[in-house]
Amino acid sequence: VFVNPSYAEGCCMATREALACGTPVVSRTTASVEDLIAPGVPVWQADTDDALAAAITEALKTGPCDRLAARRHAEALYAGRSNLANLFELFGSKK
């Protein structure tokens, strides 16, 4: 289980790497984490310290994740070619 307890950090690289490895993630509630949720990989988000502790306890009870599906999801979002394609789509290509 990977825990990111930061209120300020949002979705850090370590959170992305944990999700890419199929590791269950517990974090503070941030919109950016919701964008990364992979199929088959549990993610808990919490607004308070008590909710964070409860989410960690629940995450520790969770069974195995689909690591291959998580990896494929991460590669689709963040691999070099897909990043480049997403940037071209967002900002347009230079001609």
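If you're wondering where the values come from, they're calculated on a predicted model, not measured in any experiment. Starting from 1, residues in each chain are numbered consecutively following that chain's sequence as written. Two thresholds apply to this predicted model, a pLDDT of at least 70 for residue-level local features and 80 or more for giving and counting side-chain atom pairs, whereas whole-chain, interface and lining totals are computed over all residues. Excluded from the side-chain calculations are hydrogens and water; all other atoms, namely the structure's heavy atoms, are used.

Undergrad: I tried to follow helix H5 (residues 80–91) on my own but got confused; where do I start?
TA: Three or four residues apart is the spacing at which side chains of an α-helix point the same way, because the helix has 3.6 residues per turn. Between its first and last C-alpha atoms H5 spans 16 Å; for twelve residues at 1.5 Å apiece the expected length is 16 Å, and the two agree. The helix count covers DSSP runs of H or I at least four residues long, the strand count covers runs of E at least two residues long, and both are numbered beginning at the N terminus. One or two steps after H5, the chain reaches Gly92, where phi turns positive at roughly 80°. Take the number of residues in a helix, subtract one, and multiply by 1.5 Å to get its expected span.

Undergrad: Please explain the packing of helix H4 (residues 67–78) against H5 as it appears in this structure.
TA: When two helices pack together, their arrangement is given by the angle between the helix axes and the distance between those axes. Interhelical geometry of H4 versus H5 gives an angle of 45° and a closest axis separation of 5 Å. Accordingly, the angle class assigned to the pair H4 and H5 is oblique. Contacts between H4 and H5 involve Glu75, Ala76, Leu77 and Tyr78 on the former and, on the latter, Gly80, Ser82, Asn83 and Asn86. In this count, Pro and Cys sit with the nonpolar residues alongside Ala, Val, Leu, Ile, Met, Phe, Trp and Tyr, while Asp, Glu, Lys and Arg are called charged and the others, Gly among them, polar. Tallied by class, residues from the contact of H4 with H5 come to three nonpolar, four polar and one charged. Inter-axis angles, ranging from 0 to 180 degrees, are taken between N-to-C directions of lines fitted to C-alpha atoms, where helices are fitted over the stretch in contact. Angle categories are assigned with fixed cut-offs, so that under 35 degrees is roughly parallel, over 145 is roughly antiparallel, 65 to 115 is roughly perpendicular, and the rest are oblique. We call two residues in contact when some of their heavy atoms are within 4.5 Å.

Undergrad: So what exactly am I meant to see when it comes to the pairing of strand S2 (residues 25–28) here?
TA: Bridge analysis of strand S1 (residues 2–4) against S2 gives three bridges, and the strand direction is parallel. Bridged to Phe2 within S2 is Val25. Relative to strand S3 (residues 43–46), S2 runs parallel, the two sharing four bridges. Considered in S3, the bridge of Arg28 is made with Ala46. Think of it this way: DSSP has to see at least two bridges between two strands before they count as a pair.

Undergrad: I would appreciate a short explanation of the environment of Thr30 in the present structure.
TA: Considering the arrangement of structural elements, one finds Thr30 in the loop between S2 and helix H2 (31–34). Classification of residues uses two cut-offs on accessible area relative to the type maximum, computed with a 1.4 Å probe and protein chains only: under 20% is buried, over 50% is exposed, and between them is partly exposed. Using a relative accessible area of 15% as the deciding quantity, one classes Thr30 as buried. Sequence spacing of Thr30 and Asn86 is 56 residues, and the spatial spacing of their C-alpha atoms is 22 Å.

Undergrad: Could you clarify how one ought to interpret the confidence of the model for the protein in this entry?
TA: Predicted coordinates in regions of low pLDDT should not be interpreted in detail. The quantity called pLDDT is the predictor's confidence in a given residue, expressed from 0 to 100. Predicted confidence across the protein gives a mean pLDDT of 81, with 91% of residues reaching 70 or more. When pLDDT is averaged over each element of the protein, helix H3 (residues 49–61) comes out on top at 94 and H2 at the bottom at 68.

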